[in-house]
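# Geometric and topological summary
Listed below are the residues making up each chain.
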Amino acid sequence: MLEIKDLSVRFQGNKDDALSHINLSFEKGEFVCILGKSGAGKSTFIRCLNGLQKPTTGEVYWNNHSLFDMNEEQLRKIRREMGMIFQHFNLVPRLTVMQNVLTGTFGYRSTFKNLLGLFSAEEINRAKETIEDVGLTDQINRKVELLSGGQKQRVGIARALLQQPKVFLGDEPVSSLDPGTSNHIFNLIQDIHNQHQLLTIINVHDVHLAKRYATRLIALKDGKMIFDGRPEEFDEEKFHVTYHAASNQLDELPVH
Amino acid sequence: MWFKRKNIGTVIVLIILIYISMRLTEFDLSKFKDFRNMIDFLSQWFPMDYSKLPDMIEDSFETLALAFLGSFLGLLIALPISFTAAWNTAPSKWIYHSSRFILSFMRSIPEIVLGLIFLTALSLGPFPAVLAIMFHNIGVLGKLISELIESSDPGPQEAMKAVGAKKGFAYLFSIIPQIWPNVLSHYFYRFEVAIRTSLILGFIGGGGIGQRLFNDFKTFQYSSVSLDVLIIMVMVIAVDLFGSHVRKRII
């Protein structure tokens, strides 16, 4: 379904690859969590999957079509099949929950209709149902900046769901939330994943959270893939290799 | 602890600059010896002459209208240009640089010069003043708004790209709600400035209460001048209050 071939990214002015020769393939129904320290290349990787980041070399194939051979219009059509949520939620400020969720349909509608905010009754109903699914019906007409972090991420999830995606991407979606809220959000993502039979790929900082929900774990270190396997195979030693720097280097401690 | 040797140099340079500027501007406090003249002059301003009040009010509305029209048309034209003059939304480098150049060119011409040109070309009256204010404000608001666009949060823009929205539309939709209150705030300030500018433009024939003030002054009708000045002050304060009211409601 989604295939990554020899993917490398090097940012301008850097000597080292942010992402180095990654080969992977994902199938429908997988719940993948990507682990790694800050700066390991998790974000860069996930942003390559929907073409927000262009690789230096390598390819991403979506149902055997190469993302980076496409023109803007074709890429846009792929993106609307991939819902994405973000660490800082990336909601449009000053708009209400309902308005933000409706932006999930933008990929499917004409610019003219989008500008005037002309939504069909079907779209409005679907948005209402989705907002109910994520448990925000009582907040539907509030401006998003008044919501808590967890509620904001629920809006982000609802927006992504309104795209009727086949893939669900998460770029550190719970890294700015407290542990309790993180659990709620992951439960919600898991429900959605199971209900819609998606391919879900999420960056996580927290190993325990990843092990609890993922069906497959991938670990990155300094842009290289150092683990790809079932969660139970990710043992103490793998954990150490992923999170601890070489013995002569002092580094931040991982979040457990 | 607070002062370094370098500061002494700065102070000396400042003192020299102040001295030179005073020489150039013939700054001379001893001229206040004739302060009585000023009091005599100002006493001619009172009592105010209310007989021309209806005409004055009509002229004030003309001033308000031309300041509003000039600054608002300026805003409408500046908005799209500011998106091409912000590095994060410009369609290409070439367009970015040329729109920035156009904006700074428009900004560099003072309204009074534009006014002199238009008033000569299009005959006297408020219409050339509207154009002068509009042109200058395209330059000013275009620059200010493009800076707001450049400092807007890129997150929502990225999210709009991720949902598959078209590129240009994604920019508009994710940026405008973010910058809107600040755009309004800049606009109301420019509107207020436009009122003051239109007074000056009135002096050179641009109509409105400014022209009346100038004529009353030149014909020594000081009891009317005082009322003109009062009306102008009330008008500027009213616009300021209205502006802050609107801003509060939006933010």
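Criteria and thresholds
Residues numbered from 1 in each chain as written. Chains lettered and ligands numbered in written order. Predicted model: local features only at pLDDT ≥ 70, side-chain atom pairs only at ≥ 80, totals over all residues. Heavy atoms only, no water. UniProt positions renumbered as here; feature names shortened; annotations may be inferred. Helix = DSSP H or I, 4+ residues; strand = E, 2+ residues; numbered from the N terminus. Contact = heavy atoms within 4.5 Å. Buried area = accessible area lost by both parts, 1.4 Å probe. Salt bridge = Lys/Arg side-chain N within 4 Å of Asp/Glu carboxyl O. Polar contact = N/O pair within 3.5 Å; in protein donor to acceptor, adjacent residues only side chain to side chain. Nonpolar A, V, L, I, M, F, W, Y, C, P; charged D, E, K, R; others polar. Patch = residues over 30% accessible without salt bridge, like charges linked within 9 Å, V, L, I, M, F, W, Y side chains within 5 Å. Areas by Shrake-Rupley, 256 points an atom, 1.4 Å probe, with all protein chains shown as cover. Buried < 20%, exposed > 50% of the residue type's maximum accessible area, 1.4 Å probe, protein only. Phe/Tyr/Trp six-rings, centres within 6.5 Å; stacked < 30°, edge-to-face > 60°. Pairing = 2+ DSSP bridges. Core = buried A, V, L, I, M, F, W, Y, C linked by side-chain atoms within 4.5 Å.

## Considerations on the UniProt feature "domain: ABC transmembrane type-1" (unreviewed entry) in chain B
The sites that carry the UniProt feature "domain: ABC transmembrane type-1" (unreviewed entry) are, in the present numbering, residues 60–243 of chain B. Overall, residues 60–243 of chain B shows 85% helix and 0% strand. The separation of its end C-alpha atoms is 18 Å.

## Quick notes on the interface of chain A and chain B
How big an interface is tends to be stated in terms of accessible area lost as the parts join. In this assembly, 26 residues from chain A lie in contact with 20 residues from chain B. Carbon and sulfur atoms make up 66% of the surface buried where chain A meets chain B, a total of about 2,000 Å² over both sides. On the surface where chain A and chain B come into contact, there are one salt bridge. For Arg47(A), the salt bridge identified is with Glu158(B), shortest N-O distance 2.4 Å. Applying the counting criterion to the chain A and chain B interface returns four residue pairs in polar contact (both at pLDDT 80 or more). Residue assignment for the side of chain A that touches chain B shows that the elements contributing at least two residues are helix H2 (72–79), strand E6 (82–86) and helix H4 (111–116) of chain A. Here the side of chain A that touches chain B gets four residues from one element, more than from any other, and that element is H2(A). Grouping the amino acids of the side of chain A that touches chain B by side-chain chemistry returns 10 nonpolar, eight polar and eight charged.

## Considerations on a nonpolar patch on the surface
Residue and element names in this part refer to chain B. A contiguous nonpolar surface patch, about 880 Å² in accessible area, is contributed by Ile18, Met22, Phe27, Leu29, Phe32, Phe35, Met38, Ile39 and Leu42. Looking at the element boundaries, methionine 22 is found in helix H1 (residues 5–24). Classification of methionine 22 as partly exposed rests on a relative accessible area of 35%.

## Points about the environment of Glu192(B)
Residues and elements named next belong to chain B. Note that glutamate 192 resides in helix H8 (residues 167–203). Since its relative accessible area comes to 13%, glutamate 192 is described here as buried. With sequence-adjacent residues up to four places away left out, glutamate 192 is seen in contact with Val236 and Asp240.

## Considering helix H1 (residues 42–49) of chain A
For an α-helix, the turn length of 3.6 residues means that residues three or four places apart are oriented alike. Most of H1(A) sits out of view: seven of its eight residues are buried. Taken residue by residue, H1(A) has Lys42(A), Thr44(A), Phe45(A), Ile46(A), Arg47(A), Cys48(A) and Leu49(A) as its buried positions.

## A look at the packing of aromatic side chains
All names here are of chain B. Throughout the structure, instances matching the rule amount to 21 aromatic pairs over all chains. Pairing phenylalanine 101 with phenylalanine 105 gives two aromatic rings, centres 6.4 Å apart and planes at 20°, and the pair type is stacked. Note that phenylalanine 101 and phenylalanine 105 are positioned in helix H4 (residues 93–108) at a spacing of four residues, about one turn of the helix. What makes phenylalanine 101 exposed here is its relative accessible area of 57%. Considering the side-chain rings of phenylalanine 203 and phenylalanine 214, the 4.8 Å spacing of their centres and the 25° angle between planes classify their relative orientation as stacked. Here phenylalanine 203, found in helix H8, pairs with phenylalanine 214, found in helix H9 (residues 208–218); they are 11 residues apart in sequence, far enough to count as distant. Judged by relative accessible area, which is 28%, phenylalanine 214 ranks as partly exposed.

## Section: the pairing of E6(A)
All names here are of chain A. Where burial is concerned, most of E6 is hidden: five out of the five residues are buried. The two faces of E6 match: Met82, Met84 and Phe86 on one face and Gly83 and Ile85 on the other face are all buried. Sheet analysis places E6 next to strand E7 (residues 167–171), joined by five bridges and oriented parallel. Looking at E7, one finds that glycine 83 is bridged to phenylalanine 168.

## A few points about the nonpolar core
Within the largest apolar cluster, 48 residues are counted, with the highest numbers of intra-cluster contacts made by Ile145(B), Ile149(B), Ile179(B), Phe191(B), Ile195(B) and Ile209(B). Only helix H3 (53–84), H4, helix H5 (111–122), helix H6 (126–150), H8, H9 and helix H10 (222–250) of chain B provide two or more residues apiece to this core. At 12 residues, the largest contribution of residues to this core is made by H8(B). The next biggest cluster of nonpolar side chains, apart from the first, holds 45 residues, and it includes Ala158(A), Ala160(A), Val174(A) and Val204(A).

## Thoughts on the pattern of salt bridges
All names here are of chain A. As enumerated under the stated definition, the model contains 17 salt bridges over all chains in all. Between lysine 166 and glutamate 81 there is a salt bridge, and its shortest N-O distance comes to 3.6 Å. In this pair, lysine 166 is assigned in the loop between helix H6 (149–162) and E7 and glutamate 81 in the loop between H2 and E6, connecting sequence segments 85 residues apart. For lysine 166, a relative accessible area of 40% gives the class partly exposed. By relative accessible area, which is 21% here, glutamate 81 ends up partly exposed. Linked by salt bridges that have partners in common, Glu30, Arg216 and Asp228 make up one network.

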